[in-house]
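# What the coordinates show
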Amino acid sequence: MNLFPLVRPALGLVNPERAHHLTLLGLKMGFGPADRAGDPASLGIDLLGLHFSNPLGIAAGFDKNGEVPDAMLAMGMGFAEVGTVTPRPQGGNPRPRIFRLAAYGAVINRLGFNNEGHAALHRRLEARAHRGGIVGVNIGANKDAVDRIADYEAGIKTFEDVASYFTVNISSPNTPGLRALQGRGELETLMTRVLKARAGNVPILLKIAPDLTAEDRADIAAVALDLKLDGIIVSNTTIERAGLVSGPHAGEAGGLSGKPLFALSTQVLADIYRLTGSKVPLIGVGGIASGADAYVKIRNGASLIQLYSALTYEGPALVTRIKHDLAALLKRDGFSHVADAVGADVNL
Ligand SMILES: Cc1cc2nc3c(=O)[nH]c(=O)nc-3n(C[C@H](O)[C@H](O)[C@H](O)COP(=O)(O)O)c2cc1C
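Keep in mind that what you see is a predicted model, and the values were worked out from it rather than measured.

## Re the overall build of the protein
- Looking only at helices and strands, one finds 12 helices and 13 strands in the protein.
- Relative to the compact-globule value of 20 Å for 348 residues, the protein shows a C-alpha radius of gyration of 19 Å, a close match.
- The principal-axis extents of the C-alpha atoms in the protein amount to approximately 50 × 50 × 50 Å.
- Taking all 348 residues of the protein together, the buried fraction comes to 51%.

Listed below in structure tokens is the structure:
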């Protein structure tokens, strides 16, 4: 049952964090829509040792505590990423800390990794494990961690039995100092320790910020190739405000997502694709609001795509629409599968 069209106007009136809690509550109660149509073969893709029936996933932050991964999969997502989760529960920054910029199709957030911690997420993922489906776990560090890298190692150890893949999130702008882990030396140390913490072979991806110099991008690509990382997610929210000229909330501190992030995150995506010589699987995220946007990300190097902000504006019907339009665009251009279109616009 899709109640979104009925409740959307009311959700738009309450504050965004409250609206999000109500959305999660509705999804937990089973009010999410079901996409039973099945995905066309052209949208299927094999990556990270997994088979995705379609390349579209829900980005991290929507379901930080793993309450609704199955509702997201039932809605037609090819995969769901939960988290960011930190070892110990933490409250995050003072409210208000999520702002809608409706005129721009954008969101600014400075949540600061509010989440219920490892134990609570692990309990939920264990309880739903028999259902299958691709559920990635996005791991982070507590704000007051003495040894941040140890927090990431703990994430790998805790969730290895329930995660389809891991995302190492070092790109949130809302935990002071976190993004410094993206520097070459720091990144090498971090990822070497994280890879060592893994007992089996659950894929480990790195999620990066869009606010990176050319040198940063080259360093990240080099480390990814050296250490044979399983993938890179491009990108997290931006601290830039270039796409926003004015308006309420435009000056709020935090990470900007949604439409104004699209061009910047796609540019970084194409850069990373080129710098890694197309050898590292990439997930494209940032400002996707249509099938055409999804297709641009794929042509710029993404094998998988994720979204968050547009879903809060458009509701779950967007998932079916994006998949339908993406399949049509692939067909129009003579690509029989998503994989054939990956990087089509990037000169290697
Ligand atoms: C309210 C909110 C919370 C988020 N929380 C997280 C998070 O916990 N971890 C993370 O890696 N990304 C987080 N993100 C970033 C998204 O996963 C995504 O990278 C970003 O929003 C760009 O995609 P979009 O333009 O489709 O929203 C969050 C985004 C929003 C809007």
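## Here's the deal with the sheet that holds strand 3 (residues 56-58)
- If you trace the 8 strands once around the closed barrel, you get 3-4-7-8-9-10-12-13, paired in parallel fashion. The sheet shows a mean angle of 25 degrees between the axes of neighbouring strands, taken without regard to direction.
- Sheet topology note: the strand 3/strand 13 (residues 304-307) ladder contains 3 bridges and is parallel. Within strand 13, the position partnered with Leu-56 by the bridge is Ile-305.
- Across the sheet, helix 5 (residues 148-159) touches strand 4 (79-85), strand 7 (135-139) and strand 8 (165-169), and the angle it forms with strand 7 is around 155 degrees.

## Side note on the nonpolar core
- Met-77, Phe-166, Leu-205, Ile-232, Ile-272, Leu-282 and Ile-305 are the most contacted members of the largest nonpolar core, which totals 86 residues.
- Residues in contact with Leu-205, not counting those within four places in the same chain, are Tyr-165, Phe-166, Thr-167, Leu-229, Asp-230, Gly-231, Ile-232, Ile-233 and Ile-283.
- The next biggest cluster of nonpolar side chains, apart from the first, holds 12 residues, and it includes Tyr-104, Leu-111, Leu-256 and Phe-262.

## Thoughts on the sheet that holds strand 5 (residues 98-101)
- Taken together, 3 strands build an open sheet; the order of strands is 5-6-11 and the sheet is antiparallel. The open sheet is flanked by strand 5 and strand 11 (255-258), the only strands paired with a single partner. Mean inter-strand twist for the sheet, computed between neighbouring axes without regard to direction, equals 20 degrees.
- Here strand 5 runs beside strand 6 (residues 106-109); their pairing, made up of 4 bridges, is antiparallel. Across the sheet, Arg-100 pairs through a bridge with Val-107, a residue of strand 6.

## Overview of the packing of helix 6 (residues 184-197) against helix 7 (residues 214-226)
- One can describe the packing of helix 6 onto helix 7 by two numbers: an axis separation of 10 Å at closest approach and a directional angle of 25 degrees. The orientation of helix 6 with respect to helix 7, classified from their angle, is roughly parallel. Where helix 6 crosses over helix 7, the two elements pack in a sense that is right-handed. Counting all contacts with helix 6, which are made through Arg-184, Leu-187, Glu-188 and Met-191, the residues of helix 7 involved are Asp-219, Ile-220 and Val-223.

## Some thoughts on the pairing of strand 11
- On strand 11, burial covers both faces: Gly-255 and Ser-257 on one face and Leu-256 and Gly-258 on the other are all buried.
- When strand 6 meets strand 11, the two strands line up antiparallel, connected through 4 bridges. Pairing of Ala-106 across the sheet is with Gly-258, part of strand 11.

## Details of helix 6
- With 14 residues, helix 6 extends 20 Å between its outermost C-alpha atoms, agreeing within 8% with the 20 Å of an ideal straight helix rising 1.5 Å per residue.
- Among the residues making up helix 6, those that are buried are Leu-187, Leu-190, Met-191 and Val-194. Here the buried residues of helix 6 occupy an arc of 90 degrees about the axis, which is enough to place them on one side. Exposed side of helix 6, more than 90 degrees from the buried face: Gly-185 and Lys-196 are the residues found there.
- Looking at the packing, one finds that the buried side of helix 6 touches helix 5, strand 8, strand 9 (204-208) and helix 7.

## Some words on unusual backbone geometry
- Of note, the bond from Gly-83 into Thr-84 is cis; its omega dihedral lies within 30 degrees of zero at 10 degrees.
- Checked against the element boundaries, Thr-84 lands in strand 4.
- Of note in the backbone geometry, Lys-228 takes a positive phi value of approximately 55 degrees without being a glycine.
- In this structure, Lys-228 sits in the loop between helix 7 and strand 10 (231-234).
- Even without being a glycine, His-249 presents a positive backbone phi close to 75 degrees.
- Tracing the backbone through its elements, the reader meets His-249 in the loop between strand 10 and strand 11.
- Given 17 C-beta atoms within a 10 Å radius, His-249 is considered partly exposed.

## Regarding the pairing of strand 5
- Burial along strand 5 is two-sided: the face carrying Ile-98 and Arg-100 and the face carrying Phe-99 and Leu-101 are both buried.
- If you look at the hairpin formed by strand 5 and strand 6, you'll find 4 residues sitting between the two strands, and Gly-105 has a positive phi there, around 60 degrees.

## Side note on the site of the ligand
- In the vicinity of the ligand, 26 residues are found, and the nearest of them are Ala-59, Gly-61, Thr-84, Ser-257 and Ser-309.
- Breaking the shell around the ligand down by element, the ones donating at least two residues are strand 6, strand 11 and helix 10 (309-314).
- Partitioning the shell around the ligand into residue classes produces 11 nonpolar, 13 polar and 2 charged.

Cut-off values and rules
Residues numbered from 1 in each chain as written. Predicted model: local features only at pLDDT ≥ 70, side-chain atom pairs only at ≥ 80, totals over all residues. Helix = DSSP H or I, 4+ residues; strand = E, 2+ residues; numbered from the N terminus. Rg over C-alpha atoms; globule rule 2.2 N^0.38 Å. Buried ≥ 20, exposed ≤ 12 C-beta atoms within 10 Å, placed from the backbone. Pairing = 2+ DSSP bridges. Axes fitted to C-alpha atoms, helices over the stretch in contact; angles between N-to-C directions. Contact = placed C-beta atoms within 7 Å. Core = buried A, V, L, I, M, F, W, Y, C linked by C-beta atoms within 7 Å. Parallel < 35°, antiparallel > 145°, perpendicular 65-115°, else oblique. Left-handed = near helix turned anticlockwise from the far one by under 90°. Expected span 1.5 Å × (residues − 1). Arc of directions from axis to C-beta. Near = placed C-beta within 6 Å. Nonpolar A, V, L, I, M, F, W, Y, C, P; charged D, E, K, R; others polar.

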